[in-house]
Amino acid sequence: MIYKGIYHLFYQYNPYGAVWDVRIVWGHSTSLDLVNWSPQPPAFSPSQPSDINGCWSGSVTILPNGKPVILYTGIDQNKSQVQNVAVPVNISDPYLREWSKSPGNPLLAPNAVNGINPDRFRDPTTAWLGRDGEWRMIVGSSTDDRRGLAILYKSRDFFNWTQSSKPLHYEDFTGMWECPDFFPVSITGSDGVDTSSFNETTKHVLKVSLIETSHDYYTIGSYDREKDVYVPDIGFVQNGSAPRLDYGKFYASKTFFDEVKKRRILWGWVNESSPAKDDIKKGWSGLQSFPRKIWLDESGKELLQWPIEE
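Residues numbered from 1 in each chain as written. Predicted model: local features only at pLDDT ≥ 70, side-chain atom pairs only at ≥ 80, totals over all residues. Heavy atoms only, no water.

- An unreviewed UniProt entry lists the protein chain under the name Glycosyl hydrolase family 32 N-terminal domain-containing protein, from Microthlaspi erraticum.
- UniProt annotates the protein chain under Sequence similarities (unreviewed entry) with the comment "Belongs to the glycosyl hydrolase 32 family." (UniProt positions renumbered as here; feature names shortened; annotations may be inferred.)

As structure tokens, this is what we get:
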């Protein structure tokens, strides 16, 4: 995201070693140009019952007053995946070095009523505003029969969320949908548009990371604002037949809207092939891909991307 002219990158980070650990935290780095980065203190670490077994993936939303809010998945004391919220302690600090978790966490949790699998409920997206003034966001999930789905939630205040009666979208036999990303793209040029933009000059993109293949796939389609349903265009199916954002090592990708330069920027995690013993020896594992500008091509049938001008 960009805040007060400074770019912020949050990422999964294990401060105790080069391999994954349940004590995973939200790493945080800042930059003025998306090329040269300075590490900041971790945004937050496991500290509440709702995230005591790890602070997993999530997203940042910039509210209309300019304040950023983070929604993220925590693993609670029962090993269930739940959704939490954190806000900056000092919004006048452009580096956002301190974050505070809500005492009301978790905001969302699997239970007998909603029937959500506690092992398949993670990675809330950046939220968008509906015409009714309510925020919407999706969380990745799947059912026991391998139906992948993007569960839709609505809220007026970002702290009280209501599950929609139906998901934003689903596809059978696709397994768990991780790290979903849902955003509009312009059909009239390469400029990016804000996540809450909806008009006759935009289409929508739904990207999901399929855990069964370890690849990122996207579809292009239409978002019905009245029914809160996304429908891929003819020829697109939200499964392994869909186009990929990258055909190499690339997973758990995420876009954000750069309001200063009017572009949508794509990040992705490069999950390396080296064995854990080599990662431990070198002292680190995994990288972030270079940032790329992403936009819809003139045909409206595929996304184009290019390294950012910087």
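## Observations regarding the nonpolar core
So, point 1. By size, the foremost hydrophobic cluster in this structure holds 18 residues, and its most contacted members are Leu-71, Leu-108, Phe-121, Met-137, Tyr-153, Phe-158 and Trp-161.
So, point 2. Of all the secondary-structure elements, those providing two or more residues to this core are strand S6 (68-75), strand S7 (81-88), strand S11 (135-142) and strand S12 (148-155).
So, point 3. The contact partners of Met-137, leaving out residues within four places of it in the chain, are Leu-71, Leu-108, Pro-124, Thr-125, Thr-126, Ala-127, Trp-128, Ile-151, Leu-152, Tyr-153 and Trp-161.
So, point 4. Listed in part, the 15 residues of the second largest apolar core include Ala-150, Leu-206, Val-208 and Tyr-230. (Core = buried A, V, L, I, M, F, W, Y, C linked by side-chain atoms within 4.5 Å. Buried < 20%, exposed > 50% of the residue type's maximum accessible area, 1.4 Å probe, protein only. Helix = DSSP H or I, 4+ residues; strand = E, 2+ residues; numbered from the N terminus. Contact = heavy atoms within 4.5 Å.)

## Regarding the pattern of salt bridges
So, point 1. Per the stated rule, a full pass over the model turns up 22 salt bridges.
So, point 2. Of the charged contacts, one joins Arg-136 and Asp-228 as a salt bridge, the two residues approaching to 3.1 Å between their closest N and O atoms. Of this pair, Arg-136 sits in strand S11 while Asp-228 sits in the loop between strand S17 (215-224) and strand S18 (229-232), placing them 92 residues apart in sequence. In this structure, Arg-136 and Asp-228 share a single accessibility class: buried. (Salt bridge = Lys/Arg side-chain N within 4 Å of Asp/Glu carboxyl O.)

## A few points about the environment of Asn-90
So, point 1. Take Asn-90: it is sitting in the loop between S7 and strand S8 (99-101).
So, point 2. For Asn-90, a relative accessible area of 37% translates into the label partly exposed.
So, point 3. Side-chain polar atoms of Asn-90 contact the side chain of Ser-92, separated by 2.4 Å. (Polar contact = N/O pair within 3.5 Å; in protein donor to acceptor, adjacent residues only side chain to side chain.)

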